[in-house]
2 protein chains.
Amino acid sequence: MQDHYNSQRIAQMGKHQRANFINSLSGYKSANLVGSKGLNGVSNLALISSAFHVGAHPPLIGMIMRPHTVVRDTLQNIKDTGCYTINHVHTAIAAQAHQCSARYAPEQSEFIAVGLDEEYSGDFFAPFVAQSRIKFAVEVREIQVLQLNQTELVIGEVVAVLIQGDYVKHDGYVDIQKAQSTAVSGLDSYHSAQRIDRYSYAHPDTDLTSIWNEIS
Amino acid sequence: MQDHYNSQRIAQMGKHQRANFINSLSGYKSANLVGSKGLNGVSNLALISSAFHVGAHPPLIGMIMRPHTVVRDTLQNIKDTGCYTINHVHTAIAAQAHQCSARYAPEQSEFIAVGLDEEYSGDFFAPFVAQSRIKFAVEVREIQVLQLNQTELVIGEVVAVLIQGDYVKHDGYVDIQKAQSTAVSGLDSYHSAQRIDRYSYAHPDTDLTSIWNEIS
């Protein structure tokens, strides 16, 4: 049995039902907190499930932001200061991270409201989340408005990475599962992960092998 | 103890090490197979971990494609035919999905090479993966080259959704964990998921509650 949803059926869903449905379709999303600080000195923390890999060299990361949602202050800070941090949400801070999506007043810092601590590295202006185990500093490289729905695509370059603990393997892979990083599905479901396997680089006519036990 | 990687240290990594490292940073990624068919009738299946939510109304999904990798045939098919499918990778087909990233000859269909079956719905030109439990038909709406690194951003509109089984909740949320959809970290690690919780919509000064048991 296969249930079929065509465009008309999707358009006829209620707004929240459609938001839940469509947000589930892309699959698991990364759970990150974006740290920023305004020119007025007020720090800001926003939950973002839209961070995605753009390239490794230079190291680029993108995210989609809706200007009319709670990320508005974060987006303004990014435009004003050119920098932000991205901080992995691990299992123990998932509820606090989700709480950051509440509409706090502009002068209120989500760090204080949800009980997470600001951390600074060198002279980088934007705050990291002290509790986060994998986090990085990003400088804006490009912001463009997607004409299809007026969302903004922010692409930044990773300029520093901070990693607590021995999560980095010799081949560069970061064991984000060991760091208890979480994934999001839909708008509000948080998940931990269990490894199925790490597979070898695929070649035609060659069987895949597990590389998980090979790489320390 | 916190390990610090600055831009210089990242630039000095070997190419594969840096690719593993940077690809791990964004967090968990969705594991999807993109189905397409060329004007010559050859079907194509590419593993994509870069699909991301762009908007719910209209339902838009984006993905980043590197023209010089194995997705080249898929990207050409999408440009030629304007359509493709996105198919969730569940645990039982994770190895076959990863094998699709091998560089098969252009005239060879990955469906046949890895042992997955083509499925068609109505008169939609692009093939679905029969084994996939959550899959959708997409029509291209915009393709743009990101000048920062010459990757291509493909944004499409979801025009039909096919769901096997009772994964859709009354509020529209699709239980992708029940469907055993997988997540990717880095370039080659596949993960299943375990729910931490579904949290209520966040409001300032109100405690979050679990909505997981409320919604059938």
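A.B. asks: Lay out the nonpolar core in plain terms, naming residues and giving numbers.
C.D. replies: Judged by nonpolar contacts, the single largest core of 65 residues is most densely connected at Phe21, Tyr84 and Val161 of chain A together with Phe21 and Val161 of chain B. Those residues in contact with Val161 of chain A that lie beyond four places of it in its chain are Lys135 and Phe136 of chain A together with Asp3, His4, Tyr5, Ile10, Phe21 and Leu25 of chain B.

A.B. asks: Mind laying out the pattern of salt bridges, listing which residues take part and the relevant values?
C.D. replies: All told, the structure shown has 18 salt bridges over all chains when counted by the stated rule. Here Arg195 of chain B makes a salt bridge to Asp175 of chain B, at a shortest N to O gap of 2.9 Å. With a gap of 20 residues between them, Arg195 of chain B in strand β13 (residues 189–198) and Asp175 of chain B in the loop between β11 (151–164) and β12 (183–185) connect regions that are remote in the sequence. Asp175 of chain B matches Arg195 of chain B in its accessibility class, with the two residues each being buried. Overlapping salt bridges, with partners in common, bring together Glu139, Arg141 and Glu157 of chain A in one network.

A.B. asks: Hey, could you go over the side chain of Ser43 of chain A for me, with residue numbers and the actual values?
C.D. replies: With respect to the helices and strands, Ser43 of chain A occurs in strand β4 (residues 43–48). If near-sequence neighbours (up to four positions away) are discounted, Ser43 of chain A is found in contact with Ser36, Lys37, Gln108, Ser109, Glu110, Phe111, Glu118 and Pro127 of chain A.

A.B. asks: Now, about the relation of the copies chain A and chain B: what can you tell me, with residues and values included?
C.D. replies: Least-squares fitting of chain A to chain B yields an RMSD of 0.0 Å, with the superposition described by an axial translation of 0.0 Å and a rotation of 180°. Look at the turn and shift together and you get a two-fold axis relating the two. In terms of C-alpha distance to the rotation axis, chain A has Ala193 of chain A as its closest residue, with the C-alpha 2.2 Å off the axis. Take the interface residues of chain A: 100% of them recur as interface residues in chain B, which is what a same-surface contact looks like.

A.B. asks: Describe the interface of chain A and chain B, listing the residues and the values that go with them.
C.D. replies: Where interface size is quoted, it is often the accessible area lost as the parts come together. Contacts between the two partners involve 101 residues from chain A, matched on the other side by 101 residues from chain B. Around 8600 Å² of area is buried between chain A and chain B when both sides are counted, 58% of it from carbon and sulfur atoms. Three residues stand out in chain A for area buried against chain B, namely Tyr28, His53 and Leu148 of chain A, and they jointly supply 9% of the buried area on that side. Summed over the shared surface of chain A and chain B, the result is two salt bridges. Asp188 of chain B is the salt-bridge partner of Arg198 of chain A, the closest N and O atoms lying 2.7 Å from each other. Summed over the shared surface of chain A and chain B, the result is 62 residue pairs in polar contact (both at pLDDT 80 or more). Here the side of chain A that touches chain B is built from residues that sort into 45 nonpolar, 42 polar and 14 charged.

A.B. asks: Summarise the pairing of strand β7 (residues 83–88) of chain A; cite the residues concerned and give the values.
C.D. replies: Along any regular strand, the residues point their side chains to alternate faces of the sheet. Residue and element names in this part refer to chain A. Counting buried positions along β7 yields six of six residues, so the element is predominantly enclosed. On β7, burial covers both faces: Cys83, Thr85 and Asn87 on one face and Tyr84, Ile86 and His88 on the other are all buried. Both strand β3 (residues 32–37) and β7 contribute to a ladder of four bridges, which runs antiparallel. Across the sheet, Val34 pairs through a bridge with Ile86, a residue of β7. Judged from the five bridges that link them, β7 and strand β10 (residues 134–146) form a sheet pairing that is antiparallel. In the sheet register, Asn87 faces β10, and the bridge partner there is Lys135.

Calculation notes
Residues numbered from 1 in each chain as written. Chains lettered and ligands numbered in written order. Predicted model: local features only at pLDDT ≥ 70, side-chain atom pairs only at ≥ 80, totals over all residues. Heavy atoms only, no water. Core = buried A, V, L, I, M, F, W, Y, C linked by side-chain atoms within 4.5 Å. Buried < 20%, exposed > 50% of the residue type's maximum accessible area, 1.4 Å probe, protein only. Contact = heavy atoms within 4.5 Å. Salt bridge = Lys/Arg side-chain N within 4 Å of Asp/Glu carboxyl O. Helix = DSSP H or I, 4+ residues; strand = E, 2+ residues; numbered from the N terminus. Least-squares fit on C-alpha atoms with pLDDT ≥ 70 in both. Buried area = accessible area lost by both parts, 1.4 Å probe. Polar contact = N/O pair within 3.5 Å; in protein donor to acceptor, adjacent residues only side chain to side chain. Nonpolar A, V, L, I, M, F, W, Y, C, P; charged D, E, K, R; others polar. Pairing = 2+ DSSP bridges.

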